[in-house]
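As a plain string of letters, each chain reads:
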Amino acid sequence: WFSIKDVCCELLYFCIGLCTCDLIIKHKDNIFKWYISAILLIFSIAVYIAFLNSRFKYNNAVKNTCGIVVALFMIYVVLSVSYFFEKRGSKCLDFFDGKTFTIYIISWPCQSVVEILLNRVLHLPWYIVVLSMFTVGLGIPLLFITVYRRLKHHPKFINLVFGV
């Protein structure tokens, strides 16, 4: 009930992140280079495709090790992309400024309804379900924020709950 198993499985990654957070923040100009990110992204995709299409039987240790390495590479790529956006800025991401918490709070219930309706009731293909979930999970919260900000009366409780 307390998900002790999940905590034990993820504790190593949590501790690594906790220990390296300050180091990464202090040296991010030296750590994140675009060419390293490009190489790691290409390598990660190649390793994934190699294992996906492999006719060889790899043991679990090799698969797990490669999986961890690819996961670490992808974490580096995601951190690099966020660093590049932070450094250079992006007008399309500025649109989401002040709206991300509301999107986070409202998107999950909207996505759940869409997933149940399209996948379990209508049995549509996964790619339609995923695209619809993404669209609704982003669109409904943005619509809510737009309508709510146009209202004259904003109760403090609603502001706190929805992060507006």
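Not measured: the values here are computed from a predicted model.

**Student:** Give a description of the pattern of salt bridges that names residues and reports values.
**Tutor:** Scanning the entire structure with this criterion turns up one salt bridge. Here Arg120 ties to Glu115 by a salt bridge, and the two come within 3.8 Å at their closest N and O atoms. We classify Arg120 as exposed; its relative accessible area is 56%. Using a relative accessible area of 18% as the deciding quantity, one classes Glu115 as buried.

**Student:** Account for the environment of Val164, naming residues and giving values.
**Tutor:** Within the fold, Val164 resides in the segment after helix 8 (156-162). Classification of Val164 as partly exposed rests on a relative accessible area of 31%. In the structure, Val164 is positioned 19 residues away from Ile145 in sequence and 7.3 Å away in space, judged by C-alpha atoms. With near-sequence residues (within four places) excluded, Val164 lies in contact with Thr102, Phe144, Tyr148, Arg149 and Asn159.

**Student:** Provide a residue-level description of unusual backbone geometry, including the pertinent values.
**Tutor:** Located in the positive-phi region is His123, a residue other than glycine, with phi close to 55°. For His123, the location among the structural elements is in the loop between helix 6 (100-121) and helix 7 (126-150).

**Student:** Quick one: what's the story with helix 6, residue by residue and with numbers?
**Tutor:** Between its first and last C-alpha atoms helix 6 spans 30 Å; for 22 residues at 1.5 Å apiece the expected length is 32 Å, and the two agree. In helix 6, a bend of some 35° at Ser107 exceeds every other bend along the element, and Pro109, a proline, comes one to four places later. Within the span of helix 6, buried status applies to Thr102, Ile103, Ile106, Ser107, Cys110, Val114, Glu115 and Leu118. The positive-phi residue at the C-terminal boundary of helix 6 is His123, with phi of around 55°.

Cut-offs and rules
Residues numbered from 1 in each chain as written. Predicted model: local features only at pLDDT ≥ 70, side-chain atom pairs only at ≥ 80, totals over all residues. Heavy atoms only, no water. Salt bridge = Lys/Arg side-chain N within 4 Å of Asp/Glu carboxyl O. Buried < 20%, exposed > 50% of the residue type's maximum accessible area, 1.4 Å probe, protein only. Helix = DSSP H or I, 4+ residues; strand = E, 2+ residues; numbered from the N terminus. Contact = heavy atoms within 4.5 Å. Expected span 1.5 Å × (residues − 1). Bend = angle between axes of the 7 residues up to and from the residue.

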